[in-house]
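Chain residues, written in single-letter form:
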Amino acid sequence: YILSARNTTPTSHKITLLDTANSAMITEGTSSSVTTEAGTYDVSIEFIDSDEIILNVDGVSTNKLNEGGVYKITDDVYVAVKSILYDQKEAGISKSEISIGSGKILLEHGAEVEINNLDVDDMRFTVEGSDETVKYYLKSYITESNNELEKIVLEWKLKDDNWIAPGTELVLPGFETIKISMG
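Reading the values: rules and limits
- Residues numbered from 1 in each chain as written.
- Predicted model: local features only at pLDDT ≥ 70, side-chain atom pairs only at ≥ 80, totals over all residues.
- Heavy atoms only, no water.
- Salt bridge = Lys/Arg side-chain N within 4 Å of Asp/Glu carboxyl O.
- Helix = DSSP H or I, 4+ residues; strand = E, 2+ residues; numbered from the N terminus.
- Pairing = 2+ DSSP bridges.
- Axes fitted to C-alpha atoms, helices over the stretch in contact; angles between N-to-C directions.
- pLDDT = per-residue confidence, 0-100.

Chemist: With reference to specific residues and values, describe the pattern of salt bridges.
Modeler: On inspection of all chains with the given rule, the structure shows two salt bridges. For K64, the salt bridge is made with E52, and the minimal N-O distance between the two is 3.9 Å. Here K64, found in the loop between β7 (60–61) and β8 (70–74), pairs with E52, found in the loop between β5 (39–48) and β6 (53–57); they are twelve residues apart in sequence, far enough to count as distant.

Here you go:
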């Protein structure tokens, strides 16, 4: 799920992704249940104005968040603000569209990929089908043309000598559907 895509400079772009996210519209003054693969969460609005919101997720209050803001609820659960629909009328009811996901992935042009606020540099992962662990780094390159996304390139380099035996796979960390395997 793409949470936000922003140009931080004319040549540097940043994309924030949530892994396995579900979205919901939360109405001020009520509590809503949001179900994800990780469980069901009770979400309500504690504070809202035209550009900031404080959410309560299962008793955990977020900081003030803007549209595109993300807050870590637990080690593997993040809440993100997709939009703030503030109604300043006395009788009006404000709302916010939010997403809850199991992980946050930050892609920034030319930088190390961040998974759950940690650079992936020197992280280790296990080769599926074996007991081997692998050191690696993962960088992202984002290009645009005329203010439209052109392509995203993920550069995945292993820092150790490795081999893939038949029946094993290397799985790209954070992007588990991308695999290298031997038949």
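Chemist: Report on the sheet that holds strand β10 (residues 95–101), specifying residues and quantitative values.
Modeler: Taken together, the four strands give an open sheet; going across it, the order is β3-β10-β9-β8, and neighbouring strands pair in antiparallel fashion. Sheet topology places β3 (22–27) and β8 at the edges, where each strand pairs with a single neighbour. Strand-to-strand twist across the sheet, computed as the mean angle between neighbouring axes with direction ignored, equals 30°. Relative to β10, strand β9 (residues 77–85) runs antiparallel, the two being bridged by seven bridges. Note that in β10 the partner of V81 across the bridge is I98.

Chemist: Can you explain the sheet that holds strand β4 (residues 31–36)? Please cite residues and give values.
Modeler: If you walk across this open sheet you meet the four strands as β4-β5-β6-β7, and the pairing is antiparallel. The open sheet is flanked by β4 and β7, the only strands paired with a single partner.

Chemist: For the confidence of the model for the protein, give the residues involved together with the corresponding values.
Modeler: Note: predicted coordinates in regions of low pLDDT should not be interpreted at a detailed level. Per-residue confidence for the protein averages 80 on the pLDDT scale, and 84% of its residues sit at or above 70. Here strand β15 (residues 124–126) stands out as the least confident element of the protein, with mean pLDDT 53; β6 is the most confident, with 95.

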